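Summary of structural features
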Amino acid sequence: MLTGHFRKGRGMASKPVAFEIKELSKTYGSGRAAVHALRGVSLTVRRGEFLVLLGPSGSGKSTLLNIIGGLDSASSGSVYYEDQDLTHLADPALTRYRRNHVGFVFQFYNLMPGLTALENVELVVEIAPDPMPAEQALGLVGMSHRLDHFPAQLSGGEQQRVAIARALAKQPQVLLCDEPTGALDRDTGIGVLEALATVNREVGTTVLIVTHNAGVAAMADRVIRFVDGQVTKIDHNERKADAADIQW
């Protein structure tokens, strides 16, 4: 049973559509060796939604995230981002889509060890078309006091928050997070989830989180449950839990 304060889920049905996914399938290999990572997945994601993709390892949730992010291609079906059919974009157009619209946060932080937190974020600011100041991005994730610290001087949770700030600094419409708390303990992971919730609430960024941690589901507007490459259930949270109140 969850305790503490809850936030009412927002009326997402009235929000514009960010992604329209129809009958999406992904197969690796062929014949008897074929692995069916996705089997006809259909899903609508709305702008500003906080979505959790929940399921065991190998259930297809990371494959879906990679196709949505333009890092992988589908075997069949379609993914529309607003009016763009991502499944038929050429590589240069996909690169522009990733650069201009999507931020990525992975389980491992991939920070440059020889750069400070501020400098790691500034790397993205230098190449983004309409960036947020690096200091502002770090402030949104509670890292204003660590601007001049190197990754080795930061905890795992702090490094992950710098990684979130780096993704956020280019002001993406979508933030895709693959097991962002997978390498963290409870207290550290909750700090990272609080940062993601802040980005979603204050900036309006659409956030999709892949996880096998069922407790994270309580924070979401919707929970998309995966088993064996298929969506088996979609849960709506009328009341969303704060990160500090979830069970780990």
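Now for a description of the structure that goes with this document.

Calculation notes
- Residues numbered from 1 in each chain as written.
- Predicted model: local features only at pLDDT ≥ 70, side-chain atom pairs only at ≥ 80, totals over all residues.
- Heavy atoms only, no water.
- Salt bridge = Lys/Arg side-chain N within 4 Å of Asp/Glu carboxyl O.
- Helix = DSSP H or I, 4+ residues; strand = E, 2+ residues; numbered from the N terminus.
- Buried < 20%, exposed > 50% of the residue type's maximum accessible area, 1.4 Å probe, protein only.
- Lys, Arg positive; Asp, Glu negative; His and termini not counted.
- Contact = heavy atoms within 4.5 Å.
- Arc of directions from axis to C-beta.
- Pairing = 2+ DSSP bridges.
- Axes fitted to C-alpha atoms, helices over the stretch in contact; angles between N-to-C directions.
- Parallel < 35°, antiparallel > 145°, perpendicular 65-115°, else oblique.
- Left-handed = near helix turned anticlockwise from the far one by under 90°.
- Nonpolar A, V, L, I, M, F, W, Y, C, P; charged D, E, K, R; others polar.
- Core = buried A, V, L, I, M, F, W, Y, C linked by side-chain atoms within 4.5 Å.

Glancing now at the pattern of salt bridges. Opposite charge on two side chains allows them to pair when their charged atoms are near. Enumeration according to the criterion identifies 9 salt bridges in this entry. In this structure, the salt-bridge partner of Arg47 is Glu82, at a minimum N-O distance of 3.2 Å. Taken together, the residues span a long stretch of sequence, with Arg47 in the loop between β3 (35–46) and β4 (50–54) and Glu82 in the loop between β5 (76–81) and β6 (84–85) at a distance of 35 residues. By relative accessible area, Arg47 is classed as partly exposed at 41%. Accessibility expressed as a relative area gives 38% for Glu82, which makes it partly exposed. Through salt bridges that share partners, Arg225, Lys233 and Asp235 make up one connected network.

Mapping Glu179 onto the fold places it in the loop between β8 (174–178) and α6 (186–203). Buried and without a salt bridge, Glu179 has Lys61 as its closest oppositely charged side chain, separated by 4.5 Å. Not counting residues within four places of it along the chain, the set of residues in contact with Glu179 comprises Lys61, Gln107, Val210, Thr211 and His212.

Glancing now at helix α1 (residues 61–68). Counting buried positions over the 8 residues of α1 gives 6, a clear majority of the element. Of the residues making up α1, those classed as buried are Lys61, Thr63, Leu64, Leu65, Ile67 and Ile68. Gly70 lies just past α1 and shows a positive phi near 75°.

Working note: α-helix, 3.6 residues per turn, so residues spaced by three or four point in the same direction. Buried residues of helix α3 (residues 117–125): Ala117, Leu118, Asn120, Val121 and Val124, and no others. Axial view of α3: buried residues confined to an arc of 165°, hence all on one face.

The subject of this paragraph is the sheet that holds strand β10 (residues 222–227). Reading across from one edge, β7-β8-β9-β4-β10-β11 is the order of the 6 strands in this open sheet, with mixed pairing throughout. The two strands at the open ends of the sheet, each matched to only one other strand, are β7 (102–105) and β11 (230–236). Taking the axes of each pair of neighbouring strands and ignoring which way they run, one obtains an average angle of 20° across the sheet. Its contacts with the sheet place helix α2 (residues 91–101) against β7 and β8, and it is angled at close to 75° to β7. In the packing of α6 onto the sheet, contacts are made with β4, β8 and β9 (206–211), and the angle to β9 comes to roughly 155°.

Bringing the packing of α3 against helix α5 (residues 156–168) into the picture now. Interaxial distance between α3 and α5 falls to 8 Å at its minimum, and their mutual angle equals 25°. Regarding the angle of α3 to α5, the classification is roughly parallel. The two elements α3 and α5 meet at a crossing, and its hand is right-handed. Between α3, through Ala117, Asn120, Val121 and Val124, and α5, the contact on the second element is made entirely by Val162, Ala165 and Arg166. A per-class count over the contact of α3 with α5 returns 5 nonpolar, 1 polar and 1 charged.

Our next topic: the packing of α5 against α6. At a minimum axis separation of 8 Å, α5 and α6 run at an interaxial angle of 20°. The orientation of α5 with respect to α6, classified from their angle, is roughly parallel. Here α5 runs over α6; the crossing is right-handed. Mapping the contact onto sequence places Gly156, Gly157, Gln160, Arg161, Ile164 and Leu168 in α5 and Thr188, Gly191, Val192, Ala195, Leu196 and Val199 in α6. Its residues placed into classes, the contact of α5 with α6 shows 6 nonpolar, 5 polar and 1 charged.

Here the focus is the nonpolar core. Core analysis: the largest hydrophobic core is formed by 45 residues, its most contacted members being Ile164, Leu175 and Leu196. At the level of elements, β4, α3, α4 (134–140), α5, β8, α6 and β9 are the ones that each hand at least two residues to this core. The element that contributes the greatest number of residues to this core is α6, accounting for 7 residues. With near-sequence residues (within four places) excluded, Leu196 lies in contact with Phe50, Ile164, Leu175, Cys177, Pro180, Val207 and Ile209. Core analysis: the next-biggest nonpolar cluster, separate from the first, contains 26 residues, Leu65, Leu86, Leu94 and Leu176 among them.

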